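# Coordinate analysis (summary)
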Amino acid sequence: MLGFWLLIDLFPVFALTLMAVRHMASILLIGSAGICVGAALTRLRAEDRSIAGWWRHRSPTPPWRIGEIAGISTLGIVGYLAVFASENRFPMSFALLGFTVLVATRLSTPWVLLHNTVVCAIGLWYTLAGSGPFALISDVAQRSAVVQVFALLVALVGLALALGRDERNALLSALAEEKAELAARQIELAVQKAQVTHHADLLAAIIDSMADGLAVIGPERRVTLHNPAVTDLFDGRDDVLGGTDGSGLYHLDGTRNTEGELAYLQALAGEDAPGVDMLIHHPGGPQDRVVRVTATALPHPDGTLSTVALFHDVTAERRHRDELTNFAGVVAHDLLNPLASVDGWTTAARDSLEGVPEHPDLDQARADLARLAQASARMRGLIDGLLSYATVREATVAPARVDLAEVVADIALARTDAAVASGKPEPHFTIGELPPVQADPVLVRQLIDNLVGNAIKYTAPDVVPALRIGATQDETMVTISIADNGIGIPEGQHEAIFGNFHRAHVNSGYLGTGLGLAICRRIVERHGGTITASDNPAGGSCFTFTLPKGAKPPNSPATVSATSSPSEPMRKSAN
């Protein structure tokens, strides 16, 4: 049609404008209604609900709200009817926009759309029928155009106000949610800050209340943090690296430590820093003290290192150990010397009976002397066991790198020589690869010698003792196993044998004090390890214990073998 109008050189501007206005009003009303319906359906789909389900579970509308909707809608419709249905044709059409504003500000958007549709229909109907304010326009086409412009204006005003209000409410709701989230986050941060402050205060209180001295040495070898115990140990000085007046840390023999020897400086350099005993010297000040220094490296994000140094005062412990050693010497002298006299007189009495003529009581006398010698030997063994147990229980552990292969080889050789000297069967040892450990050399030798001695002692008559000794290791500990072919451990006593004075084979003719395995457990526990006993599948017992891992040996451990032995796991026989 547009082409026809151009062809006849007639372009109806008024008609096209009227058509555009009419279509725009329809689009506004129908399009807005479609948008509202689509948004409602989208919300229902997001909530996985149907229209029926929404209707059943919708929140009930308060009675006052129902009254407000009904009153405002009725007022608006009645107002439009009063103006457009009047024959008096009052020129009040644009004053009716006040009802549209009222509806748009108080009712929801769907109600605004419904109201606009109804009032526009009223206006169009009555205007085309010749009543209302627009009936004054005599030309029907112009009258129709004006009423359609009025309808468009009503739709625009109502939708603009309603949608603006909805957008404002949405923004206020979003702002309220953000404020609520921000408030919740602030509360959470405040709680976290309080917890952090509490933990920091608690940690500071714990550090300050420690009896051991604790100091943090920064990358520049300056003390950045220390507790009061460090100040007490170093006589009020913060310079734990040593003062220019000769105070500071020394070797136990009184020689001065060099910087490279200090445990915490080794940790600062990233090297291994095992705990070592050092002497704190105060020229002209308080009494010198002995401390065990343990250092741990503390890496920083920038790659530098600080050191956490722990100073444990062992002065009293070392004094107690010295007193215990002196006591052990006194006990050994005061108790063992009388036993030596008893043994001597018993031997002399037995020798004197050699030349005595046969007599009915002679055999009885010899039997009594034999029992006396046995009782003396048991007493000597009990005293030795008690002294060993007391020393192991109280002595200070002095860890050092111990070559297990060398220690086990030496013990195996000594036990073999002892068997040859006493005319007993030579024990067979199969010794696997044994890594080094970080432990007290004296205590480790006593531990392994006790277990090997038990394995040989608790072997059935006419059976050659056979022991298999091996080890495995992980990142921190070495697990050593000693397996034998002895008489084994009675069922249910695999844990009890480590108790004080417990003897598993009381009536089997095997002598013992019941302290050997208790001493072994004490040695292992003082090194931070564990020891267990189990049955050897091939017969006998298997003892397994753990010790701290030592530095990597320069060579592969030698395998010491004095003949073949059972190829079973490793542990050991009962006490």
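Here's what I pulled together on the structure shown here.

This brings us to the environment of Val 216. Inspection of the secondary structure puts Val 216 in strand S1 (residues 213–217). The class for Val 216 is buried, based on a relative accessible area of 13%. As a C-alpha pair, Val 216 and Thr 296 span 80 residues in sequence and 9.7 Å in three-dimensional space. Excluding residues within four positions of it along the chain, Val 216 makes contact with Arg 222, Val 223, Thr 224, Leu 225, Ser 306, Thr 307 and Val 308.

Another aspect to go through is helix H14 (residues 516–526). Summarising burial for H14: eight of the 11 residues are buried, a large majority. Residues of H14 that are buried include every one of Gly 516, Leu 517, Ala 518, Ile 519, Cys 520, Arg 521, Ile 523 and Val 524, and no others. Among the residues trailing H14, Gly 528 stands out with phi positive, at a value near 80°.

With that settled, the discussion passes to the sheet that holds strand S3 (residues 248–250). Two orientations exist for strands paired in a sheet by backbone hydrogen bonds: parallel and antiparallel. Strand order in this open sheet of six strands is S2-S1-S6-S5-S4-S3, and the pairing throughout is antiparallel. Only two strands of the sheet have a single partner each, and these edge strands are strand S2 (223–226) and S3. On average, each strand axis in the sheet is tilted by 35° relative to the strand beside it, whichever way the strands run. Two strands pair when backbone bridges link them, and strand S5 (residues 289–299) and strand S6 (residues 305–313) are joined in this way by nine bridges, in the antiparallel orientation. For Pro 299, the partnering residue across the bridge sits in S6 and is Leu 305.

Right, let's talk about the pairing of S1 for a bit. Within S1, five of the five residues are buried, which leaves it mostly tucked inside the rest of the structure. Burial along S1 is two-sided: Gly 213, Ala 215 and Ile 217 facing one way and Leu 214 and Val 216 facing the other are all buried. The pairing of S1 with S6 spans five bridges and is classified as antiparallel. When the bridges of S6 are listed, Leu 214 appears paired with Leu 310. Inspection of the sheet shows S1 paired to S2 by three bridges, in the antiparallel sense. Looking at the pairing, Ile 217 lines up with Val 223 of S2. Counted along the chain from S1 to the antiparallel partner S2, the turn is five residues long, and its residue Arg 221 has a positive phi close to 60°.

Quick look at the pattern of salt bridges now. One pass over the full model with this rule turns up eight salt bridges. The salt bridge involving Arg 106 is made with Glu 68; its shortest N-O contact spans 2.4 Å. Of this pair, Arg 106 sits in helix H5 (residues 97–106) while Glu 68 sits in helix H4 (residues 63–84), and the two are 38 residues apart along the sequence. Since its relative accessible area comes to 16%, Glu 68 is described here as buried. Across the salt bridge formed by Glu 188 and Arg 185, the nearest N and O atoms sit 3.4 Å from each other. You can see Glu 188 and its partner Arg 185 sitting in helix H7 (residues 140–209), three residues apart, about one turn around the helix. Among the residues examined, Glu 188 registers a relative accessible area of 38% and is labelled partly exposed.

Viewed as axis vectors pointing N to C, H4 and helix H6 (residues 109–128) meet at an angle of 15°, and their least axial separation amounts to 9 Å. By the criterion of interaxial angle, the relationship of H4 to H6 is roughly parallel. Crossing geometry of H4 relative to H6 is assigned as right-handed. Within the contact between the two elements, H4 uses Ile 69, Ser 73, Gly 76, Ile 77, Tyr 80, Leu 81 and Phe 84 and H6 uses Trp 111, His 115, Val 118, Val 119, Ile 122, Gly 123, Tyr 126 and Thr 127. Of the residues that constitute the contact of H4 with H6, the class distribution is 10 nonpolar, five polar and no charged.

By secondary structure assignment, the location of Thr 546 is in strand S13 (residues 541–548). Residue class for Thr 546 comes out buried when judged on its relative accessible area of 14%. Separated by 2.9 Å, the side chain of Thr 546 and the backbone nitrogen of Thr 530 make a polar contact. Apart from the residues lying within four places of it in its own chain, the contact partners of Thr 546 are Met 477, Val 478, Thr 479, Val 524, Gly 529 and Thr 530.

Counting through the fold element by element, Thr 416 comes out in helix H12 (residues 404–422). Within the local environment of Thr 416, its side chain forms a polar contact with the backbone oxygen of Ala 412, the two atoms lying 2.8 Å apart. Other than its neighbours up to four places away in sequence, Thr 416 contacts Glu 426, Pro 427 and Phe 429.

Right, let's get into the pairing of strand S4 (residues 276–281). Looking at chain direction, S3 and S4 are connected through three bridges and run antiparallel. Looking at S4, one finds that Tyr 250 is bridged to Leu 279.

The interhelical angle for the contact between H5 and H6, taken along N-to-C directions, is 160°, at an axis separation of 8 Å. As far as their axial angle goes, H6 and H5 are roughly antiparallel. H6 is crossed by H5, and the crossing has right-handed handedness. Seen from H5, the contacting residues are Thr 100, Val 103 and Ala 104; seen from H6, they are Val 112, His 115 and Asn 116. Broken down by class, the residue content of the contact of H5 with H6 amounts to three nonpolar, three polar and no charged.

Judged by nonpolar contacts, the single largest core of 37 residues is most densely connected at Ile 448, Leu 451, Ile 469, Phe 543 and Phe 545. Among the elements that take part in this core, helix H13 (residues 441–457) stands out by supplying seven residues, more than any other.

The strand order across the open sheet built from five strands is S8-S10-S11-S13-S12, with neighbouring strands paired in mixed fashion. Among the strands making up the open sheet, the edge pair consists of strand S8 (428–431) and strand S12 (531–535). Across the sheet, the mean angle separating the axes of adjacent strands is 20° when strand polarity is ignored. Relative to strand S11 (residues 477–484), strand S10 (residues 466–473) runs antiparallel, the two being bridged by seven bridges.

This part takes up the environment of Pro 441. For Pro 441, the position within the fold is in helix H13. For Pro 441, a relative accessible area of 39% puts it in the partly exposed group. Sequence separation between Pro 441 and Ala 400 is 41 residues; the distance between their C-alpha atoms is 6.9 Å. Not counting residues within four places of it along the chain, the set of residues in contact with Pro 441 comprises Ala 398, Ala 400 and Val 402.

Parameters at a glance
Residues numbered from 1 in each chain as written. Predicted model: local features only at pLDDT ≥ 70, side-chain atom pairs only at ≥ 80, totals over all residues. Heavy atoms only, no water. Helix = DSSP H or I, 4+ residues; strand = E, 2+ residues; numbered from the N terminus. Buried < 20%, exposed > 50% of the residue type's maximum accessible area, 1.4 Å probe, protein only. Contact = heavy atoms within 4.5 Å. Pairing = 2+ DSSP bridges. Axes fitted to C-alpha atoms, helices over the stretch in contact; angles between N-to-C directions. Salt bridge = Lys/Arg side-chain N within 4 Å of Asp/Glu carboxyl O. Parallel < 35°, antiparallel > 145°, perpendicular 65-115°, else oblique. Left-handed = near helix turned anticlockwise from the far one by under 90°. Nonpolar A, V, L, I, M, F, W, Y, C, P; charged D, E, K, R; others polar. Polar contact = N/O pair within 3.5 Å; in protein donor to acceptor, adjacent residues only side chain to side chain. Core = buried A, V, L, I, M, F, W, Y, C linked by side-chain atoms within 4.5 Å.

So, to be careful, I would describe these as geometric facts and stop short of saying anything about function.
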